[in-house]
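# Remarks on the overall topology
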Amino acid sequence: PGACLYVVVSSPLQAAFQPQAPWYDLVSPWRKCVEEPAGASRVRTASPMALKKQLFAVFVSLHVAVSFRLPRQPVSMTLEEVKRPTGAAGLGAKYNPTVRRENTTLATTPWTLRLGSHCTSMRGLMTWRPLWMLHHVSAQSGAFMNGVNREGLGDGALLKPTDAWRQEATVSKAYKECERITESFAKTFYLGTKLMTPEKAKATWAVYTWCRRTDDLVDSPRATMCKETMLADIADWESRLGGIFSGHARDSLDAALVDTIERFPSMSIEPFEDMVKGMLMDIPGTPLAQMRYQTWEELEVYCYRVAGTVGLMTLPIMGTAEGYSEEEARKPALSLGIALQITNILRDVGEDTVRGRIYLPIEDLERFGVSEEQIMDGFVDENYRKLLQFEIERADQYYTAAEEGIAMLHPDARMPVRASLDIYRGILAQLAANNFDNFRKRAYVSKVKKFMMLPEAWWKVQQLPKSRIN
């Protein structure tokens, strides 16, 4: 069909590109012309242009021919059909190396599957689309294969990213978007992931992105304007989370997490659910809302839900050293998450007062003679400095407990955890260097300091035994 169509198409196309054609100036952006002196005719370099015309005609011919060879009816394929060999290589051998769930179906309609790059036709498994109609996967707009959503399955339809769908052109784009989000919102955390193996780094980006999106449900402008809408969104988010752990994805970012869960099957839904509860603690009017914390024990629950859970989420990704179990490594993982959250609270006291929040335990304020009004006014005195020094020492205790767990991690996960721990701990040192003023000065570790801390972190890791047996 392509050869026949080329004969039909090539002549009109070549005619259209002739200089005498009235539309020549519009349709030939690649022409190479020189203007002769007045009165002379326009001269065109023939050889390069002729080659480009021929190539363009071949491209259009094959493009249209392949497009119209596609089936016109919706296709539904089970994994058994996907695994059935097709052609010389066979789809099963090339696209379905492993299958975790059975009876998973792939339904799509021709001309609707939008990929980020050109794909050859797989007779309904993946639908080839004209190049000018291709759409990149848009993670920012939450449109994972939105052509299928809108044209094939309807708005809001659940997508099942089976092994057949999980092609490099889509899942890799989803992970790239997760990386971009992580780098934008958590620079220290992102630096730690760059020290991981590529597989573990991608999985960690997917987990962080889910956490980031969960946090945005509470702090987004839409959430602050309408609490009822926000509560409905959170309820839907919890339902969506259950779908993710069942293998359903609504957009590309969900699909990245689905892929991560399949690669690390010991991941549990519990810490994800607990993080949602932690977000609800920041929403006034909800049953879990808590704008002030009377004791450290109350604040510790909050720290676990919003940060300690991250340690539990990522522990299966990090893996454990020989002779250690994930259960043994849970406590240090929790300690690290809580230590990081205490650091965040101490660093952001000034920012939190703008939103009317004070996370420091009331019992600690009373112990050091610091009032809520003093914090809301941003007044730093000796009592306030003693209060922050006390809280920093508490955070150090959790960092020390977390350090003991680094040896329990798989050797290739120790360096990123060690580096992240040291860098985040450096924020507390900078807070003390700022004379404990977290209202007018932001405590942070500069990029230069971060990189200077890496050799020491590496040396500490090298001193650890490779396994418990050793």
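Residues numbered from 1 in each chain as written. Predicted model: local features only at pLDDT ≥ 70, side-chain atom pairs only at ≥ 80, totals over all residues. Heavy atoms only, no water.

The next point concerns the overall build of the protein. Along the backbone of the protein there are 21 helices and 4 strands. Taken over 470 residues, the protein has a buried fraction of 50%. Once local pairs closer than 6 in sequence are excluded, the contacts in the protein between residues at least 24 apart make up 67%. (Helix = DSSP H or I, 4+ residues; strand = E, 2+ residues; numbered from the N terminus. Buried < 20%, exposed > 50% of the residue type's maximum accessible area, 1.4 Å probe, protein only. Contact = heavy atoms within 4.5 Å.)

Tracing the chain through its elements places arginine 347 in helix α15 (residues 326-347). Among the residues examined, arginine 347 registers a relative accessible area of 16% and is labelled buried. Among the polar contacts made by the side chain of arginine 347, one reaches the side chain of aspartate 348 at a distance of 2.9 Å. Aside from chain neighbours lying at most four places away, what touches arginine 347 is Tyr424, Ile427, Asn438, Arg442 and Ala443. (Polar contact = N/O pair within 3.5 Å; in protein donor to acceptor, adjacent residues only side chain to side chain.)

Here we come to helix α13 (residues 270-280). A large share of α13 lies buried, amounting to 8 of its 11 residues. Of all the residues in α13, the buried ones are Pro271, Phe272, Asp274, Met275, Val276, Gly278, Met279 and Leu280. Against the buried residues of α13 lie α9 (198-219), α11 (227-245), α12 (252-263) and α14 (296-318).

Let us now look at the environment of asparagine 438. Assignment of secondary structure puts asparagine 438 in the loop between α20 (411-433) and α21 (447-462). Spatially, the C-alpha atoms of asparagine 438 and arginine 347 are 6.0 Å apart, while their sequence positions differ by 91 residues. In contact with asparagine 438, not counting residues within four places along its chain, are Leu346, Arg347, Val349, Gly350, Tyr384, Leu388 and Leu431. At 2.8 Å, the side chain of asparagine 438 and the backbone oxygen of leucine 346 are in polar contact.

Counting through the fold element by element, glutamate 393 comes out in helix α19 (residues 382-406). Along the chain, glutamate 393 and leucine 428 lie 35 residues apart, while their C-alpha atoms are 9.6 Å from each other.

In contact at an axis separation of 8 Å, α13 and α14 are set at 155 degrees when each is read in the N-to-C sense. Comparing their axes, α14 and α13 come out roughly antiparallel. Between α13 and α14 lies a crossing of left-handed hand. Between α13 and α14, the contacting residues are Pro271, Phe272, Asp274, Met275, Lys277, Gly278 and Met279 on the first element and Tyr302, Tyr304, Arg305, Val306, Thr309, Val310, Leu312 and Met313 on the second. (Axes fitted to C-alpha atoms, helices over the stretch in contact; angles between N-to-C directions. Parallel < 35°, antiparallel > 145°, perpendicular 65-115°, else oblique. Left-handed = near helix turned anticlockwise from the far one by under 90°.)

Tallied over the entire structure, the rule returns 31 salt bridges. Across the pair aspartate 422 and arginine 418 runs a salt bridge whose closest N-O atoms are separated by 2.8 Å. Placement of the pair is aspartate 422 and arginine 418 together in helix α20, with a separation of 4 residues, close to one helical turn. What you see here is one network of salt bridges that share partners, running through Asp396, Glu403, Arg418, Asp422, Arg425, Glu456 and Lys460. (Salt bridge = Lys/Arg side-chain N within 4 Å of Asp/Glu carboxyl O.)

Going through the model one piece at a time under the given rule, you end up with 11 aromatic pairs. Seen in terms of ring centroids, tryptophan 210 and tryptophan 237 are 6.0 Å apart; in terms of plane orientation they differ by 25 degrees. Their pairing is stacked. Of this pair, tryptophan 210 sits in helix α9 while tryptophan 237 sits in helix α11; the two residues are 27 residues apart in sequence, bridging distant segments of the chain. The class of tryptophan 210 is buried, set by a relative accessible area of 3%. In this structure an aromatic cluster arises from ring pairing among Trp210, Trp237, Phe245 and Phe272. (Phe/Tyr/Trp six-rings, centres within 6.5 Å; stacked < 30°, edge-to-face > 60°.)

Here the focus is the side chain of threonine 309. Inspection of the secondary structure assignment puts threonine 309 in helix α14. For threonine 309, the contacting residues outside a window of four places in its chain are Pro271, Asp274, Met275 and Tyr304.

This paragraph deals with the nonpolar core. One finds Trp210, Leu360, Ile375 and Tyr384 to be the most contacted residues of the largest nonpolar core, which totals 93 residues. In this structure, leucine 360 is in contact with Tyr293, Ile345, Leu346, Val349, Leu365, Ile375, Leu387 and Glu391, ignoring residues within four places of it in sequence. Listed in part, the 5 residues of the second largest apolar core include Met415, Ala419, Ala457 and Val461. (Core = buried A, V, L, I, M, F, W, Y, C linked by side-chain atoms within 4.5 Å.)

Axis separation between α20 and α21 bottoms out at 9 Å; the angle between their running directions is 130 degrees. In this view, α20 runs oblique relative to α21, as classed from their interaxial angle. For the element pair α20 and α21, the recorded crossing hand is right-handed. Across the interface between the two elements, Arg414, Met415, Arg418, Ala419, Asp422, Ile423 and Gln430 from α20 touch Lys449, Lys450, Met453, Leu454, Ala457, Trp458, Lys460 and Val461 from α21.

Attention now moves to the confidence of the model for the protein. Residues at a pLDDT of 70 or more form 62% of the protein, whose mean pLDDT is 73. In the model, residues 1-46 has pLDDT below 50 throughout and makes 62 contacts with residues more than four positions away in sequence or in other chains. (pLDDT = per-residue confidence, 0-100.)

With that settled, consider unusual backbone geometry. A positive phi angle, close to 60 degrees, is found at asparagine 435, a residue other than glycine. A relative accessible area of 41% places asparagine 435 in the partly exposed class. One non-glycine residue, phenylalanine 436, lies in positive phi territory at about 65 degrees. Relative to the helices and strands, phenylalanine 436 is located in the loop between α20 and α21. With a relative accessible area of 11%, phenylalanine 436 lands in the buried category.

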